[in-house]
Amino acid sequence: MITGAVKNQVDQIWDAFWAGGIASPISVIEQMTYLLFIKGLDEAQSRKEKQAQLLGGEIENPIFPKGDFNNPVTKEKVPFEQLRWSRFKNLEPRAMHKIVSQDVFPFIKNLGDKESAFVHHMRDAIFLIPPEKAGLLARVVDMLDEIPMQDRDTKGDLYEYMLGKLSTAGDSGQFRTPRHIIKLMVDMVQPQTTDIICDPACGTAGFLVAAVEYFNTEDKLKLFNNEAFKQHYHKDMFNGFDFDSTMLRIAAMNMMLHGVTEPQIVNRDSLAEDHATEEDKYSLILANPPFAGSLDYESTAKDLLQVVKTKKTELLFLALFLRLLKPGGRAAVIVPDGVLFGSSNAHRELRRMLVEDHKLDGIVSMPSGVFKPYAGVSTAIVFFHRTDSGGTDNVWFYDMKADGLSLDDKRTELLSFDKLGSRPKNPLSEDEHLKNNLPDILKRWQNIDTEVDRTRTDQSFFVPKDEIAENDYDLSINRYKEVVYDAIEYDDPKVILKRIIDIEKAINEGSRELEGML
């Protein structure tokens, strides 16, 4: 998690863009992303150079090779070395602007395979800082250069903080998923080396990046010695769909900044387009699809309506997940509470399908403040396997009360950094657990066989499939949990009445004294 000082630096950069005439939050994020990406390329090249120096060999797949870049726009040759952040950052503003806008920007738009998703999404990218604002570029480059981003987490957190400033988040039911909730979901599903992961409403690729980071922990780095895994990791493992071209560009750059060279980030309207080429393809789905709104039957993919006839987008996305998953595949997805207890035929049928036709593993009910300041909507994480043959015996429920942050619009950290998230350095005390339930959720999920003796008054418990069926497949935790009320002893009414009379007497005496003073 980035510090307050780094947040202040990002805020200053944001203010500089605003003062420079670039006020749209999404435009600011795009321009900052381009610059962060350019800086990241230089850092990656430096790491490759150090590695080659240590091993005494040539640089493997250099980003800035020896020789010249043939600029497709100006038709001129420019030494690759001049395109590096570490070189142009010291130039005077007008010279810096000239090389960034005329040479570096065309260079990043043509990185990698000409047919790659990255090149495709970057085709429409525009560098918005005009020549007369060269000073703004120089200031932003200076400020970005001062932010320490040596480790991957800081870079990712910095990016998340920037995305968190999107004031337009929440429109059309699009809520940015908090990073610690995404990490919890990834930790719970534990992606495997052979998984093909998909987020059909990927936005900025937050879920895919969390899965990337899952494989980039120290204990898993040896996996990258396996060439077959490396190929799978870079080309096939990570798949994201969205139909917003800006989000696709940000997602593609986000993935490349996190080291995935050829992520499958595709322009696709997940609910409108036919899924013949995508069905039964993915082994793991991680998603927080947009909740709000309804679609016309005419603009909805026919194969989804065959699963369930509804106009509700949140239900159509559930139907989509079942289409995309291969048999045996699993999903961890966020849904609004209404999906869990809605009374329409479509609501009930989808819940019945999850329970009877597939294997519903668990429901983690989240407090309504998790998505603040964007929305106060109540949500839950649903975990299930597509089996096509049932398999649900008992469903695990967890009543999350706290996620480590205040549940108001400020979302202030309630604990120190090392005690936040699902994997704190040390076990939390009982008091700390009351402020952060995430480590307990992960621990209980990973030892789920020990949950059988928990009672309905506990924070987590099992509910048998038959009981869920008897309750019309209602999956809201409130249907099954038991609340124990603590007895409170009050004073005798006569004592309370005497107390009131004494207070009134004191008020009257005070009033008379005040009247005598006037």
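The rules behind each value
Residues numbered from 1 in each chain as written. Predicted model: local features only at pLDDT ≥ 70, side-chain atom pairs only at ≥ 80, totals over all residues. Heavy atoms only, no water. Helix = DSSP H or I, 4+ residues; strand = E, 2+ residues; numbered from the N terminus. Disulfide = S-S within 2.5 Å. Buried < 20%, exposed > 50% of the residue type's maximum accessible area, 1.4 Å probe, protein only. Pairing = 2+ DSSP bridges. Right-handed = clockwise from strand over helix to strand, strands pointing away. Phe/Tyr/Trp six-rings, centres within 6.5 Å; stacked < 30°, edge-to-face > 60°. Lys NZ or Arg CZ within 6 Å of the ring centre and 35° of its normal. Core = buried A, V, L, I, M, F, W, Y, C linked by side-chain atoms within 4.5 Å. Salt bridge = Lys/Arg side-chain N within 4 Å of Asp/Glu carboxyl O. Axes fitted to C-alpha atoms, helices over the stretch in contact; angles between N-to-C directions. Contact = heavy atoms within 4.5 Å. Parallel < 35°, antiparallel > 145°, perpendicular 65-115°, else oblique. Left-handed = near helix turned anticlockwise from the far one by under 90°. Nonpolar A, V, L, I, M, F, W, Y, C, P; charged D, E, K, R; others polar.

## Section: the overall build of the protein chain
- Across its full length, the protein chain holds 19 helices and 11 strands.
- Projected onto its principal axes, the C-alpha coordinates of the protein chain cover approximately 95 × 80 × 50 Å.

## Comments concerning the state of the cysteines
- In this structure the tally under the stated criterion is zero disulfides.
- In this structure Cys198 is not part of a disulfide, and its nearest cysteine sulfur, from Cys202, lies 8.5 Å away.
- For Cys198, a relative accessible area of 0% gives the class buried.
- Judged by its relative accessible area of 5%, Cys202 falls in the buried class.

## Description of the pairing of strand E5 (residues 264-267)
- In this sheet, E5 lies alongside strand E4 (residues 238-242) in parallel orientation, the contact comprising four bridges. Within the sheet, the bridge partner assigned to Gly240 lies in E5 and is Ile265.
- A crossover connection joins E4 to the parallel E5 through helix H11 (residues 245-257); in handedness this β-α-β unit is right-handed.

## Considering the packing of aromatic side chains
- For the structure on display, the rule yields 21 aromatic pairs.
- With 5.1 Å between their ring centres and 75° between their planes, Tyr34 and Phe105 make a pair best called edge-to-face. On the criterion of sequence distance, the pair formed by Tyr34 in helix H2 (residues 25-55) and Phe105 in helix H4 (residues 93-109) is long-range, its members being 71 residues apart. Neither Tyr34 nor Phe105 differs from the other in exposure class; each is buried.
- Taken together, a centroid distance of 4.8 Å and an interplanar angle of 85° make the contact between Phe224 and Tyr233 edge-to-face.
- Residue classification places Tyr233 among the buried residues on the basis of a relative accessible area of 2%.
- Among the aromatic side chains, those forming a connected cluster through ring pairs are Tyr214, Phe215, Phe224, Phe229, Tyr233 and Phe238.
- The side chain of Lys220 reaches across the aromatic face of Tyr214, ending 4.2 Å from its centre.

## Digging into the nonpolar core
- The biggest cluster of nonpolar side chains holds 51 residues, and the ones touching the most others in it are Phe17, Phe88, Phe107 and Ile108.
- Only helix H1 (4-19), H2, helix H3 (85-88), H4, helix H5 (117-122), helix H6 (134-146) and H11 provide two or more residues apiece to this core.
- If one sorts the elements of this core by residue count, H2 sits on top with 10 residues.

## Regarding unusual backbone geometry
- Notably, Ala205 is not glycine yet its phi reads approximately 75°, a positive angle.
- Inspection of the secondary structure assignment puts Ala205 in the loop between strand E3 (197-199) and helix H9 (206-215).
- Classification of Ala205 as buried rests on a relative accessible area of 0%.
- The residue Asp280 is not glycine, and still its phi comes out positive at about 60°.
- Assignment of secondary structure puts Asp280 in the loop between E5 and strand E6 (282-287).

## Structural notes on the pattern of salt bridges
- Evaluation of the coordinates by the stated rule reveals 34 salt bridges.
- Note that Asp187 and Arg423 form a salt bridge whose closest N and O atoms lie 3.2 Å from each other. Of the two residues, Asp187 sits in helix H8 (residues 179-189) while Arg423 sits in the loop between strand E10 (394-399) and helix H16 (430-433), which places them 236 residues apart along the sequence.
- Between Arg456 and Glu467 there is a salt bridge whose closest N-O contact spans 2.8 Å. With Arg456 in the loop between helix H17 (438-446) and strand E11 (460-464) and Glu467 in helix H18 (residues 465-470), the pair connects residues that are 11 residues apart, well separated along the chain.
- A relative accessible area of 18% places Arg456 in the buried class.
- What emerges from the salt-bridge pattern is a single network uniting Asp42, Glu49, Glu81, Arg84 and Arg87.

## Description of the pairing of E11
- Counting buried positions along E11 yields four of five residues, so the element is predominantly enclosed.
- Across five bridges, the pairing between E10 and E11 is antiparallel. Across the sheet, Tyr398 pairs through a bridge with Ser460, a residue of E11.

## A short note on the sheet that holds E5
- If you walk across this open sheet you meet the nine strands as E5-E4-E3-E6-E7-E9-E8-E10-E11, and the pairing is mixed. Only two strands of the sheet have a single neighbouring strand rather than two, namely E5 and E11. Each neighbouring strand pair of the sheet contributes to a mean axis angle of 15°, computed without reference to strand direction.
- H8 rests against E6, strand E7 (325-336), strand E8 (359-366), strand E9 (379-385) and E10 of the sheet, and its axis sits at about 155° to E7.

## Section: the environment of Asp68
- Locating Asp68 in the fold gives a position in strand E1 (residues 68-70).
- Separated by 14 residues in sequence, Asp68 and Gln82 place their C-alpha atoms 9.3 Å apart.

## Examining the packing of H2 against H11
- The interhelical angle for the contact between H2 and H11, taken along N-to-C directions, is 25°, at an axis separation of 10 Å. As summarised for this structure, H2 and H11 are arranged roughly parallel, according to the angle between their axes. As for how H2 packs across H11, the hand of that crossing is left-handed. Each of Ile26, Ile29, Glu30, Thr33, Tyr34, Leu36, Phe37 and Gly40 in H2 lies in contact with H11, whose residues at this interface are Thr246, Met247, Arg249, Ile250, Met253, Met256 and Leu257.
- Class assignment for the residues of the contact of H2 with H11 results in 10 nonpolar, three polar and two charged.

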